[in-house]
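# Observations on the three-dimensional arrangement
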Protein chains: 2
Amino acid sequence: MTRLAIDYDDVAAAHRRLEGIAHHTPVLHSTTADASTGARLYFKAEHLQRVGAFKFRGGYNAVSLLGEAQKRAGVIAFSSGNHAQAIALSARLHGTRAVIVMPEDAPEIKIAATRGYGAEVVLYDRYTQDREALGRALAEAEGLALIPPYNHPHVMAGQGTAAKELFDDVGELDTLFVPLGGGGLLSGCATVARARYPGCRIIGVEPEAGNDAQQSLRRGEIVSIATPHTIADGAQTPALGDLTFPVIRERVDDIVTVSDARLVEAMAFMASRLKQIIEPTGCLGVAAAFQAGEKLAGHRVGVMLSGGNIDLPRFAALVHGR
Amino acid sequence: MTRLAIDYDDVAAAHRRLEGIAHHTPVLHSTTADASTGARLYFKAEHLQRVGAFKFRGGYNAVSLLGEAQKRAGVIAFSSGNHAQAIALSARLHGTRAVIVMPEDAPEIKIAATRGYGAEVVLYDRYTQDREALGRALAEAEGLALIPPYNHPHVMAGQGTAAKELFDDVGELDTLFVPLGGGGLLSGCATVARARYPGCRIIGVEPEAGNDAQQSLRRGEIVSIATPHTIADGAQTPALGDLTFPVIRERVDDIVTVSDARLVEAMAFMASRLKQIIEPTGCLGVAAAFQAGEKLAGHRVGVMLSGGNIDLPRFAALVHGR
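Residues numbered from 1 in each chain as written. Chains lettered and ligands numbered in written order. Predicted model: local features only at pLDDT ≥ 70, side-chain atom pairs only at ≥ 80, totals over all residues. Heavy atoms only, no water.

## Notes on the nonpolar core
Our working rule: We define a nonpolar core as any set of buried Ala, Val, Leu, Ile, Met, Phe, Trp, Tyr and Cys residues linked to one another through side-chain atoms lying within 4.5 Å. The rule is simple: take the accessible area with a 1.4 Å probe, protein chains only, and divide by the maximum for that residue type; under 20% is buried, over 50% is exposed, in between is partly exposed. Between two residues, a contact is recorded if the distance between any of their heavy atoms is within 4.5 Å.
With 82 residues, the main nonpolar core has A:Phe43, A:Phe177, B:Phe43 and B:Phe177 as its most contacted residues. Those residues in contact with A:Phe43, other than ones at most four positions away along the chain, are A:Pro26, A:Val27, A:Leu28, A:Ser30, A:Ala33, A:Met270, A:Leu274, A:Val286, A:Val303 and A:Leu305. Within the second largest apolar cluster, 34 residues are counted, among which are B:Leu4, B:Val178, B:Leu186 and B:Met304.

Following this line, the structure appears as structure tokens:
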């Protein structure tokens, strides 16, 4: 049996590294959401994490674990947005250089925030250019350590600390919904859930337009697709990673998809009832929980709110355009 | 010396009554807000309270303390909105009738929510009709207990539980900013702060357009003004109450005002950085803290976020109209 990229101890170690640096984010409740599903829903508010998304956890953990010489030389990352800010801030906290390769159609708020953390931003076209190749070329030319957004054990372990905190705060859950792009958050969270509460049903949620992970889980091998067109820009990934997929295959119970229309409904609900501004990707778990509806009756259900970085005009347009 | 309407023990008793019924709301942080003031800011998230505002605390406490016969007969309240929902839900939780007298220009979301909790809603014109007279006439005609929005010891004690929770969670504070309309929340919070941390500076915040409380504190007597025109609809009160004013005079250090423009800035900040949708009145404390700016450097500062009930279109218009 091949050893998987991470185990619970890796997440626990990451959690110690993040203590006092990452926010211990709150768990939110909604009587209305509970009433509509018959479940008790625990929303883990990672949109209130530093940089506005769980990505800070993995990014900081990965930068922490670089060798001293590499820490001095600097880091590079390619990202649809939140990972970019995570690496930019993590580099700044370690007093080192960060170069970030971002898609040119990334939300303006994310590009501005990344520059605001002192990172150098290099833009590319996500529909025609290969960000990985571009990132690797830059890394080699300038001696920078490439920190990928999900397919890295230290990143995966860091993301898992979000689930560890949730279980630490609320105890056992029957079901846990986790947004899914490249699988960093899902693999980390599933590792925690499987170790702590083996009976907890772990469900990854991806956009209907890009169900590569669902196909991968069914076929038992990584399926690649064209970059999907969805409002969930954080989940516009063509494939799972060769490190995240084996963890997901082993530890995740199911992968479901939700439509963009359901994402918008979930965003509007979170805004009007929970007063929270959540980006579309961040609402994947919410939308899936509402889609499951009465199937969750009587259950204790965790829902990862993964990020909140969306321009306010775009937020207003999506929510009011319904 | 005249005894004041409430003391710390009243708040502590209210807190026991609310346990497991009101939400223990989280305390939010923002590295950006801290950096801009040099202070450590603790945002008490009462917009995440049941009914979306701290008002549930006082309303539920007051309904709980009615005699059994009165509980069976029902209650009546007049309110610019959040108190209405608070009484409607409190009545439903006690299995009794609620009649709510609301201004006809109250936010639609508040009228709908009040009806949604099963209350009967009676509308009036806040610029020409006397809501107190209307409320008293209805109460007498139908044998209902009138629960005023702030000028009542049980309401004041209930509101104070928000500050008690904040201190329970974060310990001593140098300064506490509290939104101020009729003074229910401020009198309750000041009572807690004065008893627990006598050195904590307690600052009430009201809209510039309606600084009756500031005038009252300076003159040493209740000053009444015409209903102020401000976006802070929860603070459109003409005067403090004869129960809240003595508590405020005795226990509050200062009352400051903020402009509507500052409120909008605060709302936009809370939306873009903290991902929170806060109604204008709910941002009074935030705006005052930012206005104080560097004067708070090095301090531990509590900020009450009092409510989040605002129609999303109005929220978007205010925040984008800047």
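Continuing now.
## Quick word on the sheet that holds strand S2 (residues 40-45) of chain B
The strands that make up a sheet are held in pairs by hydrogen bonds between backbone atoms, and each pair lies either parallel or antiparallel. Residue and element names in this part refer to chain B. For the record, the criterion: The pairing criterion for strands is at least two bridges between them, as found by DSSP. Secondary structure elements are defined from DSSP: runs of H or I of at least 4 residues count as helices, runs of E of at least 2 residues count as strands, and each element is numbered from the N terminus. Note on method: axes are straight lines fitted to C-alpha atoms, helices fitted across the in-contact stretch only, with angles between N-to-C directions ranging 0 to 180 degrees.
Pairing in this open sheet of 6 strands is mixed, and the strands run S1-S2-S10-S7-S8-S9 from one edge to the other. Two strands close off the open sheet at either side, each with one partner strand: strand S1 (27-28) and strand S9 (254-258). Note: strand S8 (residues 201-207) against S9, 5 bridges, orientation parallel. Directly across from Gly204, in S9, lies its bridge partner Ile255. On top of the sheet, helix H9 (residues 184-196) reaches strand S7 (175-179), S8 and strand S10 (300-305); it is set at about 170 degrees to S8, its chief contact.

## Remarks on the relation of the copies chain B and chain A
Convention followed: A least-squares fit on C-alpha atoms brings the copies together, and the residues used are those whose pLDDT is at least 70 in both copies.
With an RMSD of 0.0 Å, the operation that places chain B on chain A is a rotation of 180 degrees combined with a shift of 0.0 Å along the axis. Such a combination of rotation and displacement between the chain copies is what one expects of a two-fold axis. Every residue of chain B has its C-alpha some distance from the rotation axis, and the shortest such distance is that of B:Gln276, at 2.5 Å. Here 100% of the contact residues of chain B are again contact residues in chain A; the copies associate through an equivalent surface.

## Remarks on helix H3 (residues 55-64) of chain A
Most of H3(A) is tucked away: 10 of the 10 residues are buried. Turning to H3(A), its buried residues are A:Lys55, A:Phe56, A:Arg57, A:Gly58, A:Gly59, A:Tyr60, A:Asn61, A:Ala62, A:Val63 and A:Ser64.

## Points about the sheet that holds strand S10 (residues 300-305) of chain A
All names here are of chain A. Strand order in the open sheet formed by 6 strands is S1-S2-S10-S7-S8-S9, with mixed pairing between adjacent strands. In the strand order of this sheet, the two ends are held by strand S1 (27-28) and strand S9 (254-258), each with one partner. Here strand S7 (residues 175-179) runs beside strand S8 (residues 201-207); their pairing, made up of 5 bridges, is parallel. Following the sheet pairing, Thr175 is matched in S8 by Arg201.

## Points about the pattern of salt bridges
Let me state the cut-off plainly: In the sections that follow, a salt bridge refers to a side-chain nitrogen of Lys or Arg positioned within 4 Å of a carboxyl oxygen of Asp or Glu.
The tally for this structure, following the rule as stated, stands at 26 salt bridges over all chains. Among the ionic pairs, A:Asp253 bridges to A:Arg194, the shortest N-O distance being 2.8 Å. Within this pair, whereas A:Asp253 is found in the loop between helix H11 (244-251) and S9, its partner A:Arg194 is found in helix H9 (residues 184-196), the two being separated by 59 residues in sequence. We classify A:Asp253 as partly exposed; its relative accessible area is 36%. For A:Arg194, a relative accessible area of 22% corresponds to the partly exposed category. B:Glu165 is the salt-bridge partner of B:Lys44, the closest N and O atoms lying 2.7 Å from each other. Of the two residues, B:Lys44 is situated in strand S2 and B:Glu165 in helix H8 (residues 153-170); the sequence distance between them amounts to 121 residues. You'll find B:Lys44 and B:Glu165 in the same group, each marked buried. Overlapping salt bridges bring together A:Lys44, A:Glu46, A:Arg57 and A:Glu165 as one network.

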